[in-house]
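Here's the letter readout for the chains.
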Amino acid sequence: MDKSMLGDLDGLPEEDKMRMAAMVDQLQIRDSLRMYNSLVERCFTDCVDTFRRKTLDKQEESCVKRCAEKFLKHSMRVGMRFAELNQGVATPD
């Protein structure tokens, strides 16, 4: 976890800081898993049509690859935009 995220917690005891850091780490892991699950579900639903083979055919494979790339690019763009908005809202102390 990025220690700068806990910068406003300087007045807390070390034990509470550690607890907060663990909670933030857990939330980040949960959000990453949600994003991954959403990606898998969306791309599988959109791209896989049949279950006749154990492996994807070329068309399904290229569809999944394109879908995953779009999803990740979109997620990165949203994250960057969110960070930009947060920087604009932040007030210097």
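Reading guide: rules and limits
Residues numbered from 1 in each chain as written. Predicted model: local features only at pLDDT ≥ 70, side-chain atom pairs only at ≥ 80, totals over all residues. Heavy atoms only, no water. Disulfide = S-S within 2.5 Å. Helix = DSSP H or I, 4+ residues; strand = E, 2+ residues; numbered from the N terminus. Buried < 20%, exposed > 50% of the residue type's maximum accessible area, 1.4 Å probe, protein only. Axes fitted to C-alpha atoms, helices over the stretch in contact; angles between N-to-C directions. Left-handed = near helix turned anticlockwise from the far one by under 90°. Contact = heavy atoms within 4.5 Å. Nonpolar A, V, L, I, M, F, W, Y, C, P; charged D, E, K, R; others polar. Lys, Arg positive; Asp, Glu negative; His and termini not counted. Salt bridge = Lys/Arg side-chain N within 4 Å of Asp/Glu carboxyl O.

**Some points on the state of the cysteines**
Turning to step 1, where the next piece is worked out: Within this structure, the stated rule accounts for two disulfides.
Turning to step 2, where the next piece is worked out: The disulfide that involves cysteine 47 links it to cysteine 63, with 2.0 Å between the sulfurs. Residues cysteine 47 and cysteine 63 are joined through a disulfide that is left-handed, its torsion about the S-S bond being -70°. Remark: cysteine 63 occurs in helix H2 (residues 58-89) and cysteine 47 occurs in helix H1 (residues 14-47); sequence separation between them is 16 residues.
Turning to step 3, where the next piece is worked out: For cysteine 47, a relative accessible area of 4% translates into the label buried.
Turning to step 4, where the next piece is worked out: For the protein, numbering the cysteines in disulfides from first to last along the sequence yields the connectivity 1-4, 2-3.

**What about the packing of H1 against H2?**
Turning to step 1, where the next piece is worked out: With their axes 9 Å apart at the nearest point, H1 and H2 run at an angle of 145° to one another. Remark: the crossing between H1 and H2 carries right-handed chirality. Contacts between H1 and H2 involve Met35, Ser38, Leu39, Arg42, Cys43, Asp46 and Cys47 from the first element and Glu60, Cys63, Val64, Cys67, Ala68, Phe71, Leu72 and Ser75 from the second.
Turning to step 2, where the next piece is worked out: Within the contact of H1 with H2, the residues separate by chemical class into ten nonpolar, two polar and three charged.

**Details of the side chain of glutamate 60**
Turning to step 1, where the next piece is worked out: Following the sequence through the fold, glutamate 60 ends up in helix H2.
Turning to step 2, where the next piece is worked out: With no salt bridge to any partner, buried glutamate 60 finds its closest opposite charge in arginine 53, at an N-O distance of 5.0 Å.
Turning to step 3, where the next piece is worked out: If sequence neighbours within four positions are ignored, glutamate 60 has contacts with Cys47, Val48, Asp49 and Thr50.

**Observations regarding the pattern of salt bridges**
Turning to step 1, where the next piece is worked out: Scanning the model with the defined rule gives five salt bridges in all.
Turning to step 2, where the next piece is worked out: A salt bridge links glutamate 15 to arginine 19, with the shortest nitrogen-to-oxygen separation between them at 2.8 Å. Residue glutamate 15 and its partner arginine 19 are located together in helix H1, separated by four residues, close to a single helical turn.
Turning to step 3, where the next piece is worked out: Exposure remark for glutamate 15: the relative accessible area of 57% places this residue in the exposed category.
Turning to step 4, where the next piece is worked out: The shortest N-O distance in the salt bridge between arginine 53 and aspartate 57 comes to 4.0 Å.

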